[in-house]
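# Examining the three-dimensional arrangement
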Amino acid sequence: STPSGKAMLSMCMVFAQMERETIAERIRDNMHELSKSGRWLGGTTPTGYKSTQIVGSVTVDGKERKAYKLDIIKEEAEIVKLIFAKFLETNSLTKTDTYLLQHSITTKNGKNFTRFSIRSILQNPVYMIADQSAWDYFYRLGIEVYAEQSEFDGKHAIMAYNKTVQKSGRANQIRDMDEWIVAVGKHKGLIAGADWVRV
């Protein structure tokens, strides 16, 4: 190809990269706006909670979205606490899984837990109580937290946005934690910060 053709191609590549960065920045800005609300955005509700639509909405990128909050389902919440306790006791997904099977403890859909489903519960920050240990953990890792330290009141829980890469037809992939947008949610947590960090 000619020198001017190469120059043109290289200019196009620069513009394409700039466009990608602009789109990524806009998505991140939207996420920051959402994180200030601490609201649940819909999707699959985590075990232990039900999603309740609340009055009002959240505006993202100029569009209004329905707002939800997470309310605890007592029986399911007890199972989540048990899963964390068993894992802390055994330090083993297999032993935790075996315990649940032996005691006929099933998912909200009545199915047996798998090691994959147990792991996803253990890694989900939605259960983590926003307490001093939680604040220290995120601070130590250098993760941006969109909340004041005083909001880590030991009552509410962590809400992490931008946590998964969603590709159609594939299981959601967890992003590196430094890409998460961490805020304090409106819901109540189930697991003390120190225990979540140990797990």
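Quick summary incoming for the structure in this document.

Thresholds, definitions, all that
- Residues numbered from 1 in each chain as written.
- Predicted model: local features only at pLDDT ≥ 70, side-chain atom pairs only at ≥ 80, totals over all residues.
- Heavy atoms only, no water.
- Phe/Tyr/Trp six-rings, centres within 6.5 Å; stacked < 30°, edge-to-face > 60°.
- Helix = DSSP H or I, 4+ residues; strand = E, 2+ residues; numbered from the N terminus.
- Lys NZ or Arg CZ within 6 Å of the ring centre and 35° of its normal.
- Buried < 20%, exposed > 50% of the residue type's maximum accessible area, 1.4 Å probe, protein only.
- Arc of directions from axis to C-beta.
- Axes fitted to C-alpha atoms, helices over the stretch in contact; angles between N-to-C directions.
- Parallel < 35°, antiparallel > 145°, perpendicular 65-115°, else oblique.
- Contact = heavy atoms within 4.5 Å.
- Nonpolar A, V, L, I, M, F, W, Y, C, P; charged D, E, K, R; others polar.
- Salt bridge = Lys/Arg side-chain N within 4 Å of Asp/Glu carboxyl O.
- Core = buried A, V, L, I, M, F, W, Y, C linked by side-chain atoms within 4.5 Å.

## Notes on the packing of aromatic side chains
Two aromatic rings, taken as a pair, are described by how far apart their centres are and by the angle between their planes. The full count for this structure, using the stated rule, is six aromatic pairs. Residues F84 and Y127 carry aromatic rings whose centres are separated by 6.2 Å and whose planes lie at 70° to one another, so their mutual orientation is edge-to-face. You can see F84 sitting in helix 2 (residues 74-90) and its partner Y127 sitting in the loop between helix 4 (115-122) and helix 5 (132-141), a full 43 residues away along the chain. Following the ring pairs from residue to residue traces out a cluster consisting of Y49, F84 and Y127. One residue, K86, lies across the ring of Y99, its end atom 4.3 Å from the ring centre.

## Quick word on helix 4
All of the buried residues in helix 4 are S117, I118, I121 and L122. In a view along the axis of helix 4, the buried residues occupy a sector of 140°, so they form one face of it.

## Comments concerning the packing of helix 3 (residues 93-102) against helix 4
Two numbers describe how helix 3 lies on helix 4: the axes approach to 10 Å, and their chain directions differ by 110°. When the interaxial angle is binned, helix 3 and helix 4 end up roughly perpendicular. On the side of helix 3, the interface is formed by L93, T94, T96, D97 and L100, while helix 4 contributes R115, I118, R119 and L122. Residues that form the contact of helix 3 with helix 4 fall into these classes: four nonpolar, two polar and three charged.

## Topic: the pattern of salt bridges
A full pass over the atoms with the stated rule returns five salt bridges. In this structure, E76 and K108 form a salt bridge, with 3.5 Å as the shortest nitrogen-oxygen distance. Separated by 32 residues along the polypeptide, E76 in helix 2 and K108 in the loop between helix 3 and helix 4 bring together distant segments of the chain. A residue is classified by how much of its surface remains accessible, and E76, at 14% relative accessible area, is buried. K81 is the salt-bridge partner of E78, the closest N and O atoms lying 3.8 Å from each other. Note that E78 and K81 are positioned in helix 2 at a spacing of three residues, about one turn of the helix. Classification of E78 as partly exposed rests on a relative accessible area of 40%. For K81, a relative accessible area of 35% gives the class partly exposed.

## Section: unusual backbone geometry
Most peptide bonds adopt trans geometry, and most residues besides glycine take a negative phi value. The phi angle at N91 is positive, at roughly 55°, despite the residue not being glycine. As for its placement among the helices and strands, N91 is situated in the loop between helix 2 and helix 3. The phi dihedral of S104 falls on the positive side, at around 50°, and the residue is not glycine. The topology assignment puts S104 in the loop between helix 3 and helix 4.

## Some points on the nonpolar core
In this structure, I83, F84, F113, Y127 and F152 are the most contacted members of the largest nonpolar core, which totals 38 residues. At the level of secondary structure, the elements contributing two or more residues to this core comprise helix 2, helix 3, helix 4, helix 5, strand 3 (156-161) and strand 6 (181-188). By residue number, the principal contributor to this core is helix 2, which donates six residues. Residues contacting F113, with those up to four places away along its chain left out, are I79, I83, D97, L100, I105, T106, T107, I118 and I121.

## A look at helix 5
Residues of helix 5 that are buried include every one of A134, W135, Y137 and F138, and no others. Viewed along the axis of helix 5, the buried residues span an arc of 160°, placing them on a single side of the element. Helix 5 presents Y139 and R140 as exposed residues on the side facing more than 90 degrees away from its buried surface. Packing partners of the buried residues in helix 5 comprise strand 3, strand 6 and helix 6 (193-198).

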